[in-house]
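What follows is the residue order along each chain.
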Amino acid sequence: FCDRAILLENGRQVFIGSSAEATKHYYLLHQTNGRGPAAGPVDQAAVPALKIPVPEKSSSFWPQDEAFQSALELPQIGNGWGKCVRYTVCDDSGVARNSFAQGETAVFYYEFLLSKAIAVPLGGIVLQNHRGINVHGKGSLEYASEAPDFLPAGSIIRCRQHVELKLEIGEYSYELGLASIDPEGYRALSKLNHEQLFGRIFRICHLPGAGVISIGWRSVWKGAHLTHHGVADLPGRFEFEFGTNTAE
């Protein structure tokens, strides 16, 4: 409900700025005291010797270097174990864009560089509308995407995320993030409630306000100009049934 916030630790000002960033700084402070199986760096010696290389050519489409924006000069909230290095947004044909028609698919490509070994990586994005409300937050955890149990320092993590923009017309800022969870917790996703799962997640890096995309009217459509009314298009279906009134 506030635009700005102050974060205090034992009476000392740790951060002052946007409330969203203050919250993320709070989470970092909270996890430094060591909570949950993932609260701490992975022993590099315990990581399998095979280092995951940066593929020269991805088995799936990956944009050319000139399509990416560097994240190294942007403010990042993290614990120093990794950082976002670059990112871009494309349409589903691979063209870099920041303007879409309602219902189109945006594909977010983003990369992280690890400076410490971590357990199972978790990547994801958050979309916020002009009111600062999170209208979509999702990532590899919610998709239960396949991921290695451990990654060594020096690894590059490439994230590709497709999002159908079934939202109301307007502008949306997006955030990118990297976290980690212990392998046992990741394999037990369906058995853990939200609080138990939340306690096992360890935040590594967050790039707030990475960029803005806009959603506008559809120029080519089937049916109405708008796919829906309101903030989001919820899955569902509609059916008519007709009859005649036989009552006398």
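Details of the structure are given in the entry above.
1. Examining the packing of aromatic side chains
Part 1: If you walk through the whole model with that rule in mind, you get nine aromatic pairs.
Part 2: Through pairs of rings, three or more aromatic residues link up here, namely Phe61, Trp62, Phe68 and Tyr109.

2. Points about the nonpolar core
Part 1: Tyr87, Phe108, Tyr174, Leu176 and Ile213 are the most contacted members of the largest nonpolar core, which has 31 residues in total.
Part 2: For this core, the secondary-structure elements that each account for two or more residues are β5 (82–91), β7 (105–114), β8 (120–128), β10 (156–164), β11 (170–181) and β12 (201–216).
Part 3: Ranked by residues supplied to this core, first place goes to β12 with seven residues.
Part 4: Once residues lying within four places of it in the same chain are set aside, the contact partners of leucine 176 are Cys84, Tyr87, Tyr110, Gly124, Ile125, Cys205, His206, Leu207 and Ala210.
Part 5: By size, the runner-up hydrophobic cluster in this structure holds eight residues, among which are Leu122, Ile181, Leu197 and Ile201.

3. Overview of the pattern of salt bridges
Part 1: Applying the stated criterion across every chain yields a total of 11 salt bridges.
Part 2: A salt bridge links glutamate 164 to lysine 166, with the shortest nitrogen-to-oxygen separation between them at 3.4 Å.
Part 3: We classify lysine 166 as partly exposed; its relative accessible area is 34%.
Part 4: Counted as one network, the salt bridges with shared partners bring together Asp65, Arg86, Glu111 and Arg158.

4. A short note on a nonpolar patch on the surface
Part 1: A surface patch of nonpolar side chains, amounting to about 290 Å² of accessible area, comprises Ile6, Leu8 and Ile16.
Part 2: Looking at isoleucine 6, the relative accessible area reads 51%, which means it is exposed.

5. Quick notes on unusual backbone geometry
Part 1: The backbone of asparagine 10 sits at a positive phi, close to 55°, despite the residue not being glycine.
Part 2: Along the chain, the position of asparagine 10 falls in the loop between β1 (4–9) and β2 (12–18).
Part 3: Backbone geometry places alanine 144, a non-glycine residue, at a positive phi of 55°.
Part 4: The residue alanine 144 is located in the loop between α2 (140–143) and β10 in this model.

Cut-offs used in this document
- The residue count restarts for each chain, going from 1 along the sequence in the order it is written.
- For this predicted model, a pLDDT threshold of at least 70 governs which residues receive local features, and a threshold of 80 or more governs which side-chain atom pairs are given and counted, while totals over whole chains, interfaces and linings are taken from all residues.
- Hydrogen atoms and water are omitted, and side-chain values are computed over all heavy atoms in the structure.
- Centres within 6.5 Å are what make two rings of Phe, Tyr or Trp a pair, Trp counting through its six-membered ring; a difference in plane orientation under 30 degrees is then read as stacked, over 60 as edge-to-face, and the rest as tilted.
- Working definition of a nonpolar core: buried Ala, Val, Leu, Ile, Met, Phe, Trp, Tyr and Cys residues. They are joined through side-chain atoms within 4.5 Å.
- Only protein chains enter the area calculation, which uses a 1.4 Å probe; residues under 20% of their type maximum are buried, those over 50% are exposed, and those in between are partly exposed.
- Helix and strand definitions follow DSSP, with helices as H or I runs of at least four residues and strands as E runs of at least two, each counted in order from the N terminus.
- Contacts are residue-level and defined by heavy atoms, with any inter-residue pair within 4.5 Å sufficient.
- Throughout this description, the term salt bridge denotes a Lys or Arg side-chain nitrogen within 4 Å of a carboxyl oxygen of Asp or Glu.
- For patches, a residue must show more than 30% relative accessible area and have no salt bridge; joins then use 9 Å for like charges and 5 Å for nonpolar side chains, namely Val, Leu, Ile, Met, Phe, Trp and Tyr.
- Only the protein chains shown count as cover for residues, and all accessible areas are computed by the Shrake-Rupley method using a 1.4 Å probe.

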